[in-house]
Each structure stands twice: as structure tokens, then as C-alpha cells.
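# A look at the structure
Residue strings, one per chain:
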Amino acid sequence: MTHDIRELTEEKELTTAFKVFFTSMVGFPMPEGEPGILEFVEAGRPLGVFLPGPDGEPELVGTAGSFTSRLTVPGGATVPMAAVTDIGVLPTHKRRGLASALIRRQLQQTAERGEIVATLRASEATIYERFGYAIASTSTAVEVDVARARMRPTVPVDDSGPWRGADGGASNGAGAGRVRFVDAKTAWPLLAEIYAKAGGVGCIERPQLWWNGHQWAANRSKDPLYVVVHGRSGAEDGYVRYHATSTGPWMTSSDRTIVVDDLVAHTPQAYLALLRFLLSIDLVPRIVFGKLAVDHSLEKLFLDERAVRTTGVADETWLRLIDVRAALSARTYRGPEAVTIAVIDDLLPANTGSYRISASAVERTDAVPELTLDVAALASLYLGGTRWWQLGYVGRAVEHRPGALAVADGLFGTDRAPFAGTMF
């Protein structure tokens, strides 16, 4: 079977590719109406695979998309990244190797663009490792029982000024901080401006097309949506987007719930003020956080730590190192020792080879390796979300010199677990 894969630039083809992806995902609603398709995708990046149709003309039957972004790595540097999304093949053309061909071509495209890494969010967990991707960060979902969530008296209080509720009245909650409501329909440029300052390990840049997609989804939601920001006008340093669920029986419900869709805070003061605000909302006994870092420690704020209950843990960032040397050189390392690792990459063979890693430099070397692993295993370690000893335990990192795993663990160590908090 012959197929043709090419980059899609024309609006008509991009629209068709979007429809192919949403058809392949079965349960996703297809965006329609304004804004147009070019508000959601980056022309020239999506790939389409074509086969002869019933009339002999080329028919687009599969697609793989991506957009330009950046990833924050240990040490605070940001590196060029391909944010991979919208991979799908029509159900009528499954099991023909088309998705594999698309992903392989996309890896070449990413390398040609000079992007050091690629990341994605996986709908299926068993597909992407064979293409060099691996889970590099994880998120957790938690519920807070508001009645039990009394903050410890040791938690700092932000007394920088009063916040005002939707009715314009000043809050009587001590330490609420300087928070205020903004219009959920028009706040998107402000939220993008606040988020642009985010920079934790694993964080990604959100381009305008990402915001366009989320604005489209929010505008079509049937649930009430709210946005609260922290900080003086022009100097905001945090925000929270949330919505209420099961609003039909809201008046008589005993289980009223709000779901936090996005929480961004650049200072401890902003974080605590936004949390205090959420806990102060009347009528709501339960708050759901769908995405938090696995080391969030939210429960440590409360006298009763059981007020916070973990309801799920899920993989988040699937990472692929496109240029191993550049990626390894971009992040920082710890400790006085060095280790030499051998990396195997069958799909991008230029990465295959040995690298000497120390806190001062990363160099290609012909020295005998002390550890050997494939590029997917290295991706899982890269942000600090997985430990070298864990991969050694299951045979994915092979130790040739006793103690090399411990040295590598020290070098790759990070203070916090990586976290993106961004779906795409």
C-alpha cells in the first residue's frame, strides 16, 4: 500500500485533518463556527497521510499535529519543544501502519525544525514508548472537604489589602489577600499574561492557539464559569479558573461542588490567598482539583490532613528527546561526580552514543559507558520525575560499574517533582 505524507498548510486540508482526528477519537465534539480553523492550529506543522480514495484522488485518512512551544527544564532554562497533538487515523484505515508512519515523519520534522524535545498527552499508554516517548511527569487529582479544611495557625496570612466579592462588598475573611473577580468571558488575555511568567520544571509555554481552544471550550460550557485573580491591576501574580457542577439541583443539593480548572500562582502569597478564597465560598462543601503536582502537599495546610483526599494519579507529560546532547546540556546537574551513559535511539540514530555528564559539562565521548539505556528511558529521567534506581531495578538502565546508578541519581536530582498542568 502506497501512501503520501505531507505538511498541511491550506485551510481546507487543515479543516479536513481536524475532522479526521475528532472522528478517530469517537467521543470528542468537533469545534464548529468561529473562530476559524487557523485559530486552533499552526499551519505547516500538522501532517496528513493520503491514500487513493474511491475515485482515485488522494484522500486524507490520518493526521498528526503539533505546535511550537517551549519546555522548562531543571535549572530553569527553557528549550524549544514540539507540542504533539491531534494524532489519529480514520477507523476505516486502522492497523495499516499509518499512525506509525506519521509519528516517524513527525520526529524527522521536529528535528529539522531544531526543536530539542517533543511532548504529548497520550490517549493510550502502550503506543508511544516504541517511538522514544516516556512518562516524564505525573499529576494528581484531589478533593477537599471544606468543613474539615481549617488552616493551621502557622500558615502565613496575606494582609496586603482587602478583596472584594462579586457584590462589591469587602471581605471580612482575615488574610484573604488582594483577590478579585474578573469577567470569565473576557479575561483570557489577562490570564495569558499572568501565565507567561510561570516557570516550574515541566511547565510549557502556552501559545495563543492553545488559549483560543480553551476559550472556545469554555464559551460552550453549560456550567457557570468563574475567574479570580490575585494582585493589583497591572501587577497580577496569580489566578484561578473554576466552575460549578451539577447545577440543576443546586438549590437543594447537599453535595455542591466546584472544580478548579486552572490554578496559577507565582508567589506563596498568591497561592495561599487564592486557596483561602476558594475555601471561603459559601454553599460549597467540596472542592475538586483535577490537576496538581504529585508533591503538592496541600494537606499540610490543614489541622485535619484528612480533609484532602487523593482521588487519582495520572501520567501527564510524555517526553521525547529529539537532540539528546542539546537536551542534556540544557539542564543542570548536582554533585561533584560524573557518569558516562550510553544511549540507544533506533529512530533518530544521531543520538545513539555515549555521553559524559557532570555538573560542569555534557560531552560526547568514546569512553566505556557506566550505564546503558534507551532514549525513552532517558526521557523518563530527564525532568527528575523518575529515579535512576527505579529503572535499574526493572532492567531499563543497565549498570556496568557498581555505584553508577547512585551517581546518576545524585546528578539528576531535583527539589520538586516536574509538573506541567497544561493539557493539549
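In what follows, the structure referred to is the one given above.
So, here's what we can say about the structure. By convention here, each chain's residues receive numbers from 1 onward along its written sequence. Restriction of local features to residues with pLDDT of at least 70 applies here, the model being predicted, together with a cutoff of 80 or more for giving and counting side-chain atom pairs; totals for whole chains, interfaces and linings are based on all residues. Computation of side-chain values covers all heavy atoms of the structure but excludes hydrogens and water.

The next point concerns the pattern of salt bridges. Once the charged atoms of two side chains with opposite charge are near each other, the side chains can pair. We define a salt bridge as a side-chain nitrogen of Lys or Arg found within 4 Å of a carboxyl oxygen belonging to Asp or Glu. The tally for this structure, following the rule as stated, stands at 18 salt bridges. Here Arg45 and Glu115 are joined by a salt bridge, their closest N and O atoms 2.6 Å apart. On the criterion of sequence distance, the pair formed by Arg45 in the loop between helix 1 (11-24) and strand 2 (47-52) and Glu115 in the loop between helix 2 (98-112) and strand 5 (117-120) is long-range, its members being 70 residues apart. Think of it in three bands: with a 1.4 Å probe and only protein chains considered, a residue is buried below 20% of the maximum accessible area for its type, exposed above 50%, and partly exposed in between. Assessed through its relative accessible area of 0%, Arg45 is described here as buried. Take Glu115: its relative accessible area is 7%, and that puts it in the buried class. For Arg416, the salt bridge is made with Asp295, and the minimal N-O distance between the two is 2.9 Å. Highlighted residues: Arg416 in the segment after helix 9 (404-412) and Asp295 in the loop between strand 12 (286-293) and strand 13 (308-315), separated in sequence by 121 residues. Relative accessible area serves as the criterion here: at 25%, Asp295 is assigned to the partly exposed category. In this description a helix means any DSSP run of H or I spanning at least four residues, a strand means any run of E spanning at least two, and both kinds are numbered starting from the N terminus.

A separate point is the environment of Ala147. Among the secondary structure elements, Ala147 is positioned in the loop between strand 7 (138-145) and strand 8 (179-182). Along the backbone, Ala147 and Pro285 are 138 residues apart, and their C-alpha atoms lie at a distance of 6.4 Å.

Together, Trp389, Tyr393 and Val394 make up a nonpolar patch on the protein surface, roughly 410 Å² of accessible area in all. Position of Val394 relative to the elements: it lies in the loop between helix 8 (388-393) and strand 19 (398-399). When its relative accessible area of 55% is taken as the criterion, Val394 is described as exposed. What makes a patch is a set of residues exposed beyond 30% relative accessible area and free of salt bridges, joined within 9 Å when like-charged and within 5 Å when nonpolar (Val, Leu, Ile, Met, Phe, Trp, Tyr). Note that accessible areas follow from Shrake-Rupley with a 1.4 Å probe, and for residues the cover is restricted to the protein chains shown.

Turning next to the sheet that holds strand 9 (residues 225-230). Two strands pair under a simple rule: DSSP has to find at least two bridges between them. The strand order 8-9-10-11-12-7-13 describes an open sheet built from seven strands, whose pairing is mixed. Either end of the sheet is taken by a strand with one partner, and the two such strands are strand 8 and strand 13. Looking at each pair of strands side by side, their axes are set apart by 25° on average, direction ignored. Note that strand 7 and strand 12 share six bridges and pair antiparallel. The residue bridging Val142 from the neighbouring strand is Phe289, located in strand 12. Note on geometry: axes are C-alpha line fits, over the in-contact stretch for helices, and angles between N-to-C directions span 0 to 180 degrees.

In this section: the packing of aromatic side chains. Ring pairs are drawn from Phe, Tyr and Trp, using the six-membered ring of Trp, whenever the two centres fall within 6.5 Å, and their geometry is named by plane angle: stacked under 30 degrees, edge-to-face over 60, tilted for the rest. Within this structure, the stated rule accounts for 15 aromatic pairs. Aromatic ring contacts, followed pair by pair, group Phe18, Phe21, Phe22, Phe40 and Trp216 into a single cluster. Each ring is checked for a lysine NZ or an arginine CZ that lies within 6 Å of its centre and within 35 degrees of its normal; such an atom marks a charge sitting over the ring. In this structure, Arg206 is placed above the aromatic ring of Tyr195, and the distance from its NZ or CZ to the ring centre is 3.8 Å.

The subject of this paragraph is the pairing of strand 10 (residues 238-245). Most of strand 10 sits inside the fold, with eight of its eight residues counted as buried. Here strand 10 shows a buried face lined by Gly238, Val240, Tyr242 and Ala244 and a second buried face lined by Tyr239, Arg241, His243 and Thr245. In terms of strand pairing, strand 9 meets strand 10 through six bridges, oriented antiparallel. Pairing of Val229 across the sheet is with Tyr239, part of strand 10. Bridge count for strand 10 against strand 11 (residues 257-265) is eight bridges, and the pairing is antiparallel. Among the inter-strand pairings, Gly238 is bridged to a residue of strand 11, identified as Ala265.

Another aspect to go through is unusual backbone geometry. At Asp86, a position not held by glycine, the phi torsion is positive, near 55°. Inspection of the secondary structure assignment puts Asp86 in strand 4 (residues 78-89). One non-glycine residue, Arg95, adopts positive backbone phi at about 60°. Considering the arrangement of structural elements, one finds Arg95 in the loop between strand 4 and helix 2. Overall, the relative accessible area of 80% leaves Arg95 in the exposed class.

This next bit is on helix 2. What a helix should span is 1.5 Å times the count of its residues minus one. Over its 15 residues, helix 2 runs 21 Å from end to end, which matches the ideal 21 Å to within 8%, given 1.5 Å per residue. Note on contacts: a residue pair is in contact if any heavy atoms of the two residues lie within 4.5 Å. Contacts made by the buried residues of helix 2 are with strand 1 (4-7), strand 2, strand 3 (58-72), strand 4, strand 5 and strand 14 (318-321). Trailing helix 2 by a residue or two, Gly114 shows a phi angle of about 80°, which is positive.

Turning to the packing of helix 3 (residues 188-195) against helix 4 (residues 208-219), a few remarks are in order. It is the contact of helix 3 with helix 4, at a shortest axis distance of 11 Å, that shows an interaxial angle of 135°. When the axes of helix 3 and helix 4 are compared, the pair comes out oblique. Here helix 3 runs over helix 4; the crossing is right-handed. Two secondary-structure elements touch here, helix 3 through Trp188, Leu191, Ala192 and Tyr195 and helix 4 through Trp211, His214, Gln215 and Ala218. The labels follow the angle: roughly parallel below 35 degrees, roughly antiparallel above 145, roughly perpendicular from 65 to 115, and oblique for the rest. Crossing handedness follows the turn of the near helix against the far one: under a right angle anticlockwise gives a left-handed crossing, and clockwise gives a right-handed one.

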